[in-house]
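# A structural walkthrough
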Amino acid sequence: MTEPEGKITMNNAKQKILIVDDDSVSSMAIEGLLSSEPYELYFASNGPDGIATAAALHPDVILLDVMMPHMDGFEVCKRIRALPDIAEVPILRITSLDDQASRISGLQAGADDFITKPYNSVELFARLQTILRLNRYRRIAEQQHDLENLHRELLIAYDKTIEGWSHALDLRDKEVE
């Protein structure tokens, strides 16, 4: 069975999306938009819960609201980028702040992209698809690099084995003489 055009899956597993937003109406709107797609949706209603959920879940992308009480999205983004296990998870900021300083602050905090509220659902979906595709390619490149390293180690082990057998045969020949 082939995948529909434009659908991105990795090993036929649903991609995990973490939505961090203190506004339940906004979270429900995103859920309504994405629930018919092949995603597993997870939710956190504040920054600390979002960080903890991201660390436990290792999502494929995080949709992060900026304006939240106690810890804003800028701080959440910085803290996620400081955690080695999840530092590479793409973050799409969703914000009502549309001034240039806020956009730059978000990018400096480590966000990969942003979309301004009220967002166009088609634009949100398109940006999400792009981020997921790029993340998939990044993971494939990492896996390829890991495989190349393992291949190189295997070749070294193979050469050492041949050298060991050659040395053993030399010893055997000396014993036979």
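Residues numbered from 1 in each chain as written. Predicted model: local features only at pLDDT ≥ 70, side-chain atom pairs only at ≥ 80, totals over all residues. Heavy atoms only, no water.

## A few points about the overall build of the chain
Our working rule: The helix count covers DSSP runs of H or I at least four residues long, the strand count covers runs of E at least two residues long, and both are numbered beginning at the N terminus. For a compact globule the rule gives 2.2 Å times the number of residues to the power 0.38, and the radius of gyration it is set against comes from C-alpha atoms. Throughout, exposure labels follow a simple rule: accessible area from a 1.4 Å probe, protein chains only, divided by the maximum for the residue type, with under 20% read as buried, over 50% as exposed, and the rest as partly exposed. The criterion used for residue contact is that any of the two residues' heavy atoms lie within 4.5 Å. Positive charges come from Lys and Arg, negative ones from Asp and Glu, while His and the chain ends are left out of the count. The atom standing in for a charge is NZ when the residue is Lys, CZ when it is Arg, CG when it is Asp and CD when it is Glu.
Each helix and strand counted, the chain has 5 helices and 5 strands in total. Listing every helix and strand of the chain by position from the N terminus yields β-α-β-α-β-α-β-α-β-α. Taking 2.2 N^0.38 as the reference for a compact globule, 177 residues should give roughly 16 Å; the C-alpha atoms of the chain span a radius of gyration of 24 Å, well beyond that estimate. Viewed in the frame of its principal axes, the chain has a C-alpha envelope of about 90 × 40 × 25 Å. Split into buried and exposed, the 177 residues of the chain put 33% on the buried side. Long-range contacts, defined here as pairs at least 24 residues apart, represent 64% of the contacts in the chain between residues at least 6 apart. Of the charged side chains in the chain, 18 are positive and 30 negative; the average position of the first set lies 2 Å away from that of the second.

## Quick word on helix 2 (residues 47-57)
How we decide: Directions pointing from the helix axis toward each C-beta atom define the arc. Between N or O atoms, a polar contact is any pair within 3.5 Å; within protein, one atom must be a potential hydrogen donor and the other a potential acceptor, and residues adjacent in sequence are included only when both atoms are from side chains.
Residues of helix 2 that are buried: Gly47, Gly50, Ile51, Ala54 and Leu57. Within helix 2, the buried residues cover an arc of 145 degrees as seen down the axis, which keeps them to one side. As for helix 2, its buried residues are in contact with strand 1 (15-20), strand 2 (39-44), strand 3 (61-65) and helix 3 (73-81). Two or three places before Asp49, at the start of helix 2, stands the capping residue Asn46, its side-chain oxygen 2.8 Å from that residue's backbone nitrogen. Following helix 2 by one or two positions, His58 adopts a phi angle in the positive range, close to 55 degrees.

## Things to note about the nonpolar core
The line we're drawing: In this description, a nonpolar core means a group of buried Ala, Val, Leu, Ile, Met, Phe, Trp, Tyr and Cys residues linked to one another through side-chain atoms lying within 4.5 Å.
Core analysis: the biggest nonpolar cluster contains 18 residues, and Leu18, Val20, Ile62, Leu64, Val76 and Ile80 have the highest contact counts within it. For this core, the secondary structure elements donating two or more residues are strand 1, helix 2, strand 3 and helix 3. Core analysis: the second largest hydrophobic core is formed by 14 residues, Ile17, Ile19, Leu34 and Leu132 among them.

## A closer look at the pattern of salt bridges
Counted only if it meets this: Salt-bridge detection follows one rule: a side-chain nitrogen of Lys or Arg within 4 Å of a carboxyl oxygen of Asp or Glu.
The final tally for this structure, using the stated rule, is 5 salt bridges. The salt bridge involving Arg81 is made with Asp112; its shortest N-O contact spans 2.8 Å. Of the two residues, Arg81 is situated in helix 3 and Asp112 in the loop between helix 4 (100-109) and strand 5 (113-116); the sequence distance between them amounts to 31 residues. Connected through salt bridges with shared partners, the residues Asp113, Glu123 and Arg127 form a single ionic network.

## Digging into the sheet that holds strand 3
Spelled out, the test is: Pairing between two strands is assigned when DSSP locates at least 2 bridges connecting them. Orientation is described by axes fitted as lines to C-alpha atoms, over the contacting stretch for helices, and by angles from 0 to 180 degrees between their N-to-C directions.
Sheet architecture is open: 5 strands sit in the order 2-1-3-4-5, paired in parallel fashion. Where the open sheet ends on each side, the last strands, each with one partner, are strand 2 and strand 5. In this sheet, neighbouring strand axes are inclined to one another by 20 degrees on average, regardless of whether the strands run parallel or antiparallel. Inspection of the sheet shows strand 4 (residues 91-95) paired to strand 5 by 4 bridges, in the parallel sense. Along strand 5, the bridge assignment pairs Thr95 with Thr116. This element, helix 3, spans strand 3 and strand 4 of the sheet and lies at about 150 degrees to strand 3.

Everything listed here is a matter of geometry and, on its own, says nothing about what the molecule does.
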